[in-house]
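Each chain is listed here by its residues.
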Amino acid sequence: MASGHARGQANGQWFPPEWPERIRALADGALTPVAPKRAATVMLLKDTDRGPYVHMLRRRASMAFAGGAYAYPGGGVDPRDDDRQVRWAGPTRAWWAERLGVDVTTAQAIVCAAVRETYEEAGVLLAGPAPDRVVGDITGDDWEADRAALVARETSFAEFLDRRGLVLRSDLLGAWTRWITPEFEARRYDTWFFVAALPEGQRTRNASTEADHTVWTRPADAAASYDRGELLMMPPTIATLRQLTGCATAAEALAAAPGRDLTPVLAQARLEDGAVVLSWPGHDEFTKHIPTGGATT
């Protein structure tokens with residue numbers, strides 16, 4: 001997305017001021033959409049006596065992409081995850097390819113991105129020394145050096161797993177939904193959202209250079225804060241929070257994941273009575289009417 005400060009509406013929906021101009025340019029044929037980059041994000045859950053909580057981070061206000069907005073750990077695919085056989089446990093790459101609607105190579109890269117970004121940004125690693133085990137406390141200096149090397153792209157995720165003697169636990173992930181950044185955006189992502197439970201013995205921390213605050217929160221509480229305009233979020237974030245409110249436990253969310261529709265959600269913009277109407281199919285709450293002057297309703 002183009003640079004510029006995000007702004008909220010009556011609720012906490014993230015909405016950059018340059019959107020109206022770019023939408024009109026797209027409608028006029030003056031803007032050529034850029035190809036979206038593959039990405040993955042993870043809704044990390046933990047059970048409490050008040051139901052499952054989800055881990056969220058607040059993006060630094062200086063970030064060009066959704067600065068100040070609350071989101072989940074996640075990021076783009078590392079191209080090296082396409083071309084190396086990663087140590088793997090859980091459903092096969094072919095199973096994931098069918099589930100995600102992509103080829104086997106791309107499926108591996110997307111799942112790797114989900115696990116790697118969760119480690120890079122939250123300090124949580126969905127991997128273990130055997131297919132039925134997961135690592136415990138990984139807060140030591142040697143682990144931090146490995147995490148920093150991954151962030152800096154000095155080592156690939158496959159190399160990291162090989163050296164540590166670990167296998168990626170793809171069975172600890174559930175594919176939840178898929179959103180594609182609107183065509184009028186300057187920075188576009190094709191993002192798969194996953195759910196996962198915080199492994200026993202591990203704990204989250206703010207390991208991301210892109211975030212200035214992290215929080216564990218009930219999805220319903222975060223959604224209510226968004227509705228009051230207290231928390232800024234992008235449409236896929238608040239949409240997934242609302243979907244998670246129906247899950248009584250982290251295990252219930254994981255069990256529901258395989259049955260969820262992964263048809264991509266892509267915003268649509270049309271001209272109507274001199275205004276641009278922006279909508280996300282299946283998510284009426286995000287519909288916006290943008291007059292030629294740029295104001296929104």
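Whatever comes next refers back to the structure up there.
Scope of this entry: the structure provided in the associated data block.

Thresholds applied
Residues numbered from 1 in each chain as written. Predicted model: local features only at pLDDT ≥ 70, side-chain atom pairs only at ≥ 80, totals over all residues. Heavy atoms only, no water. Core = buried A, V, L, I, M, F, W, Y, C linked by side-chain atoms within 4.5 Å. Buried < 20%, exposed > 50% of the residue type's maximum accessible area, 1.4 Å probe, protein only. Helix = DSSP H or I, 4+ residues; strand = E, 2+ residues; numbered from the N terminus. Pairing = 2+ DSSP bridges. Axes fitted to C-alpha atoms, helices over the stretch in contact; angles between N-to-C directions. Contact = heavy atoms within 4.5 Å. Expected span 1.5 Å × (residues − 1). Polar contact = N/O pair within 3.5 Å; in protein donor to acceptor, adjacent residues only side chain to side chain. Phe/Tyr/Trp six-rings, centres within 6.5 Å; stacked < 30°, edge-to-face > 60°. Lys NZ or Arg CZ within 6 Å of the ring centre and 35° of its normal. Parallel < 35°, antiparallel > 145°, perpendicular 65-115°, else oblique. Left-handed = near helix turned anticlockwise from the far one by under 90°. Nonpolar A, V, L, I, M, F, W, Y, C, P; charged D, E, K, R; others polar. 1 Å grid on protein atoms, 1.4 Å probe; cavity = no way out; pocket = protein on both sides within 12 Å on 5 of 7 lines; lining within 4 Å. Points joined across faces, edges and corners; volume = space filled by probe spheres on them.

## Quick look at the nonpolar core
Counting 41 residues, the largest nonpolar core has Trp 96, Leu 100, Leu 125, Phe 157, Leu 168, Leu 173 and Phe 194 as its most contacted members. Counting residues per element, the ones that place at least two in this core are β1 (37-48), α3 (93-100), α4 (104-122), α5 (141-151), α6 (157-164), β8 (173-180) and β9 (189-197). In terms of residue count, α4 provides more of this core than any other element does, nine residues in total. Ranked by size, the runner-up nonpolar core spans 34 residues in total, among them Leu 45, Tyr 72, Trp 176 and Trp 179.

## As for the sheet that holds strand β13 (residues 275-280)
The antiparallel open sheet is built from three strands, whose spatial order is β12-β13-β14. Edge strands, defined here as strands with exactly one partner in the open sheet, are β12 (268-272) and β14 (283-291). The average undirected angle you get between the axes of adjacent strands in this sheet is 20°. Here β13 runs beside β14; their pairing, made up of five bridges, is antiparallel. When the sheet's bridge partners are listed, Val 276 is paired in β14 with Ile 290. Here helix α8 (residues 235-244) sits on the sheet in contact with β13 and β14, set at roughly 155° to β14.

## What to know about unusual backbone geometry
Trans is the prevailing form of peptide bonds, just as negative phi is the prevailing case for residues other than glycine. In this structure, Arg 153 is a non-glycine residue whose phi angle is positive, near 60°. Along the chain, the position of Arg 153 falls in the loop between α5 and α6. Assessed through its relative accessible area of 31%, Arg 153 is described here as partly exposed.

## Notes on α4
In an α-helix, one turn spans 3.6 residues; hence positions three or four apart end up facing the same way. Between its terminal C-alpha atoms α4 stretches 27 Å, which fits the 27 Å expected from 19 residues at 1.5 Å a residue. In terms of residue burial, α4 counts as a mostly covered element, since 17 of its 19 residues are buried. Its side-chain oxygen 3.2 Å from the backbone nitrogen of Thr 105, Asp 103 forms the N-cap of α4. Looking one or two places after α4, you find Gly 123, whose phi comes out positive at around 70°.

## Comments concerning the sheet that holds strand β6 (residues 127-128)
Taken in spatial order, the three strands of this open sheet run β5-β7-β6, and their pairing is mixed. The sheet terminates laterally at β5 (88-89) and β6, the two strands that pair on one side only. As judged from the two bridges shared by β6 and strand β7 (residues 167-169), these two strands associate in the antiparallel manner. Counted as the bridge partner of Ala 127 is Leu 168 from β7.

## Focus: the packing of aromatic side chains
For the structure on display, the rule yields eight aromatic pairs. Taken together, a centroid distance of 6.0 Å and an interplanar angle of 80° make the contact between Trp 280 and Phe 286 edge-to-face. Note on Trp 280: relative accessible area 4%, which makes it buried. Each residue in the set Tyr 119, Trp 143, Phe 157 and Phe 160 is aromatic and connected to the rest through ring pairs, giving one cluster. Its end group placed over the ring of Trp 143, Arg 164 keeps NZ or CZ at 3.7 Å from the ring centre.

## Some words on the pairing of β12
In the sheet, β12 pairs with β13 via five bridges, with the strands oriented antiparallel. Its bridge partner being in β13, Glu 272 is matched across the sheet by Ala 275. Following β12, the chain reverses through two residues before pairing antiparallel with β13; Asp 273 in that reversal takes a positive phi of roughly 55°.

## Comments concerning the packing of α5 against α6
Closest axis-to-axis distance for the α5/α6 pair is 10 Å, and the angle between their directions is 160°. Viewed along their axes, α5 and α6 adopt a mutual orientation that is roughly antiparallel. For the element pair α5 and α6, the recorded crossing hand is right-handed. Packed against α5, whose contacting residues are Asp 142, Trp 143, Asp 146 and Leu 150, the element α6 presents Phe 157, Phe 160, Arg 163 and Arg 164 at the interface. Class assignment for the residues of the contact of α5 with α6 results in four nonpolar, no polar and four charged.

## Structural notes on empty space enclosed by the protein
Within the structure shown, the criterion is met by one cavity of 30 Å³ or more. The calculated volume of the largest cavity comes to roughly 40 Å³. Taken together, Tyr 119, Gly 123, Ile 138, Thr 139, Trp 143, Glu 144, Arg 147 and Arg 205 form the lining of the largest cavity. Within the lining of the largest cavity, the residues separate by chemical class into three nonpolar, two polar and three charged.

## Points about the environment of Leu 161
In this structure, Leu 161 sits in helix α6. Put simply, Leu 161 and Pro 129 are 32 residues apart on the chain and 9.4 Å apart in space, counted from C-alpha to C-alpha. With sequence-adjacent residues up to four places away left out, Leu 161 is seen in contact with Val 86, Arg 87, Ala 127, Leu 166 and Leu 168.

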